[in-house]
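Now for the letters of each chain:
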Amino acid sequence: MTADLTTDVLVVGAGPAGSMTAKWAAKHGAKVLMIEKRQEIGSPVRCGEGMSKAWLSDVGITPGRWINLEVEGARIYSPSEKVFEINEKHAGNEVGYVVERDEFDKQLAIDAANAGVDVVLKTAATSVLKENGRVVGVKAKRFGEPFEIRATVTIAADGFESQVGRWAGISTNIAMRDMDTCLQYRMTNVDCDVRYCDFFLGKVAPGGYVWVFPKGEGLANVGIGVQVSQVKAMADARNYLDRWIEHHPGYAKGKKIDMVGGGVSISAPLKQTVGDGIMLVGDAARMIDPLTGGGIANGCIAGKICGEVAAEAVHAGTPTKEFFQKYEVGWRAVLEEKLYRNWLAKEKLVQLSDETFDKVIDALQGVRLEKLSVHNILKAVNEKYPEVTKEFEAFL
Ligand SMILES: Cc1cc2nc3c(=O)[nH]c(=O)nc-3n(C[C@H](O)[C@H](O)[C@H](O)COP(=O)(O)OP(=O)(O)OC[C@H]3O[C@@H](n4cnc5c(N)ncnc54)[C@H](O)[C@@H]3O)c2cc1C
């Protein structure tokens, strides 16, 4: 029989957002317990493993052996395969490093443990405990045995399929058009360029894109995300990806050695990410960038703020929804504007025809943009194809 536990801060889920929250709460003097339902942190990997790098030092992550390779930038391919190159600084939150995601997640958990966090594996939250409407921990199962964990502050860092927030009564509903279903092969013997992360747009991946993130020595993560509302069945993602590979000889000759699938939110952020006794972070709070589908950076950035506020609430004895506004306001100040802007851009992009994508990329040929923004791209497109920018007037 597993004994019941008590802690200041309970973090459910040891992904990047969970480990980051746990570490910063511990660093600020809270007693922290992080539970993870899987037996191995970071494995199996469900990720393209692309990551920008500018944010890492802000949240205290030191580059380490989890870096697989460093890329110069991204190449965006139109349906007729005109290419637009963007350097790493401007290319969004999936471009900079290609990482070993399992090593990365483990390193963040090690950093958390070294800061004083207790990590318990093979332990799943099964419901939340509530007293007078406030979350005071979770019911959990460890190796199938039920027990309770009582906590002053509970953090839902349980990823895209998050249930903890919903159990607590926070609306985490998501529309079909705000979800991508993803599939990825690890392929060997492919002809990819290790200097770039490649993105292929248009009807090859309705409402999403095909990605190729190089891993070196002929290895690459070749994946696809398609908007759930634009496909008939989940298996369609595989059909689209297989078709894309078939039409690209440099990949058709390759061999698939691994396959992973999963969902990403491409939604606007949640309206509310806190409640009495509880805060949501990372994919559980729908913090994925709706344009790129990248969520590692945002989860970690919000995680630092979440951990700091959790510790403060413990010290002040005020784990209330009102107190947690500090987190709500804090993470929104850093991430929300871009999330909304990219969500609006995504709403438009998913409707574009292949012909329009071709025109957009064509208009950008040879253009040097001072700063890569939707506004600047549309200004460049407007010079050559004013009819294309008409439907984007709101952005201009
Ligand atoms: C195919 C695919 C490719 C992607 N590629 C990229 C990419 O290249 N770059 C990028 O930035 N992002 C990418 N993403 C998104 C990225 O993986 C997520 O945004 C990121 O993992 C979010 O971190 P997180 O900590 O919020 O959630 P997660 O990493 O999902 O961690 C949540 C953890 O909670 C655990 N958990 C869940 N429920 C419970 C429970 N009840 N009790 C205990 N533990 C629980 C899970 O086992 C998991 O370990 C991709 C996603 C997919 C599906």
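Since this is a predicted model, take the numbers as computed values, not measurements.

Cut-offs and rules
- Residues numbered from 1 in each chain as written.
- Predicted model: local features only at pLDDT ≥ 70, side-chain atom pairs only at ≥ 80, totals over all residues.
- Core = buried A, V, L, I, M, F, W, Y, C linked by C-beta atoms within 7 Å.
- Buried ≥ 20, exposed ≤ 12 C-beta atoms within 10 Å, placed from the backbone.
- Helix = DSSP H or I, 4+ residues; strand = E, 2+ residues; numbered from the N terminus.
- Contact = placed C-beta atoms within 7 Å.
- Arc of directions from axis to C-beta.
- Pairing = 2+ DSSP bridges.

**Here we look at the nonpolar core**
If you look at the biggest cluster of nonpolar residues, it comprises 120 residues, and the most contacted ones within it are Val-9, Ile-155 and Ala-310. Per-element tally for this core: the top contributor is helix α6 (residues 296-316), with 12 residues. With residues up to four places along the chain from it excluded, the contact list for Ile-155 reads Val-9, Leu-10, Val-11, Val-12, Thr-21, Met-279, Val-281, Cys-306 and Ala-310.

**Looking at helix α4 (residues 236-246)**
One turn of the α-helix equals 3.6 residues, which is why residues spaced by three or four share an orientation. Within α4, burial applies to Ala-237, Tyr-240, Leu-241 and Ile-245. Relative to the axis of α4, the buried residues are bounded by an arc of 135° and lie together on one face. For α4, the elements touching its buried residues are β12 (179-188), β14 (209-216), β15 (219-227) and α5 (249-252).

**Structural notes on the sheet that holds strand β3 (residues 50-51)**
Read across the sheet, 3 strands follow the order β3-β7-β4 without closing on themselves; strand pairing throughout is antiparallel. Each end of this open sheet is capped by a strand with a single partner; those strands are β3 and β4 (67-70). Relative to strand β7 (residues 97-99), β4 is paired through 3 bridges, and the arrangement is antiparallel. Within β7, the residue paired with Ile-67 across the bridge is Val-99.

Function-wise, these values are silent; they only describe arrangement.
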